[in-house]
Amino acid sequence: MPVGGFDAGANVWVENGELYFYLEQSGCFDENNQALKLGRFHFRFLKGSGERFDPFSADFRQELDLENGRVQLQGKDGFQAEIWFDVRRPVCHMDCQAAIPFSVEAIYESWRTAERELPELERPALR
């Protein structure tokens, strides 16, 4: 589900009880002038005891609030999350709450970890 503001945005989704998003910003080009995602953010939820908490296993709902430019998520144990971008600067916000104590583990995953030769079909045309 897309969400964005100012000159940044994200594709947001839930998978296997965890929240993910690809982050992008206009003007992020590689050496081949291709627009790239900056990386993937992966959020894991843990109960106060440290065991895994899957807020999306029941009562799951994901909605794009177009009027306010937010992605809203709901799940079990009163879990609610909102993801939105500041419209005046490239900053992403995420607020979460639930009826039980929990913590969030945030993991940044860079997909560009090594140089890669571009195949002929992916190279920009020379003029």
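For clarity, every value in this text was computed on a predicted model and none was experimentally measured. (Residues numbered from 1 in each chain as written. Predicted model: local features only at pLDDT ≥ 70, side-chain atom pairs only at ≥ 80, totals over all residues. Heavy atoms only, no water.)

Draft legend 1. Quick peek at the overall build of the protein. Regarding its fold elements, the protein presents zero helices and nine strands. Against the globule reference of 14 Å for 127 residues, the protein gives a C-alpha radius of gyration of 17 Å, more extended than a compact globule. When the backbone C-alpha atoms are referred to their principal axes, the protein occupies close to 60 × 35 × 20 Å. Considering the protein as a whole, with its 127 residues, one finds that 26% of them fall into the buried category. Accessible surface, the protein as shown: approximately 8400 Å² in total, 48% of it carbon and sulfur. (Helix = DSSP H or I, 4+ residues; strand = E, 2+ residues; numbered from the N terminus. Rg over C-alpha atoms; globule rule 2.2 N^0.38 Å. Buried < 20%, exposed > 50% of the residue type's maximum accessible area, 1.4 Å probe, protein only. Areas by Shrake-Rupley, 256 points an atom, 1.4 Å probe, with all protein chains shown as cover.)

Draft legend 2. A look at the pairing of strand E8 (residues 92-97). Summarising the sheet, strand E7 (residues 80-85) and E8 pair through six bridges and their orientation is antiparallel. Note on E8: the bridge partner recorded for Glu82 is Asp95. Between E7 and E8, which pair antiparallel in sequence order, lie six residues. (Pairing = 2+ DSSP bridges.)

Draft legend 3. The arrangement of the pattern of salt bridges in detail. Considering all chains together, one arrives at seven salt bridges under this definition. In this structure, Glu63 engages Arg61 in a salt bridge whose closest nitrogen and oxygen atoms are separated by 2.4 Å. You can call Glu63 partly exposed: its relative accessible area is 31%. The shortest N-O distance in the salt bridge between Glu82 and Arg70 comes to 3.0 Å. With Glu82 in strand E7 and Arg70 in strand E6 (residues 70-74), this residue pair connects regions lying twelve residues apart in the sequence. (Salt bridge = Lys/Arg side-chain N within 4 Å of Asp/Glu carboxyl O.)

Draft legend 4. Structural detail: the packing of aromatic side chains. The full count for this structure, using the stated rule, is 13 aromatic pairs. Aromatic side chains Phe53 and Phe102 sit 6.0 Å apart centroid to centroid with 50 degrees between the ring planes, which places their arrangement in the tilted category. One end of the pair, Phe53, is in the loop between strand E4 (39-47) and strand E5 (61-65); the other, Phe102, is in strand E9 (residues 102-109), and 49 residues separate them in sequence. The exposure class of Phe53 is buried, given its relative accessible area of 1%. (Phe/Tyr/Trp six-rings, centres within 6.5 Å; stacked < 30°, edge-to-face > 60°.)

Draft legend 5. Here's a closer look at the sheet that holds strand E3 (residues 18-25). Spatial ordering of the open sheet is given by E1-E2-E3-E4-E9, a layout of five strands whose pairing is antiparallel. Edge positions in the open sheet fall to strand E1 (2-5) and E9, since each of these has one partner strand only. In this sheet, neighbouring strand axes are inclined to one another by 25 degrees on average, regardless of whether the strands run parallel or antiparallel. Sheet topology note: the E1/strand E2 (residues 8-15) ladder contains four bridges and is antiparallel. The residue of E2 that forms the bridge with Gly4 is Gly9. (Axes fitted to C-alpha atoms, helices over the stretch in contact; angles between N-to-C directions.)

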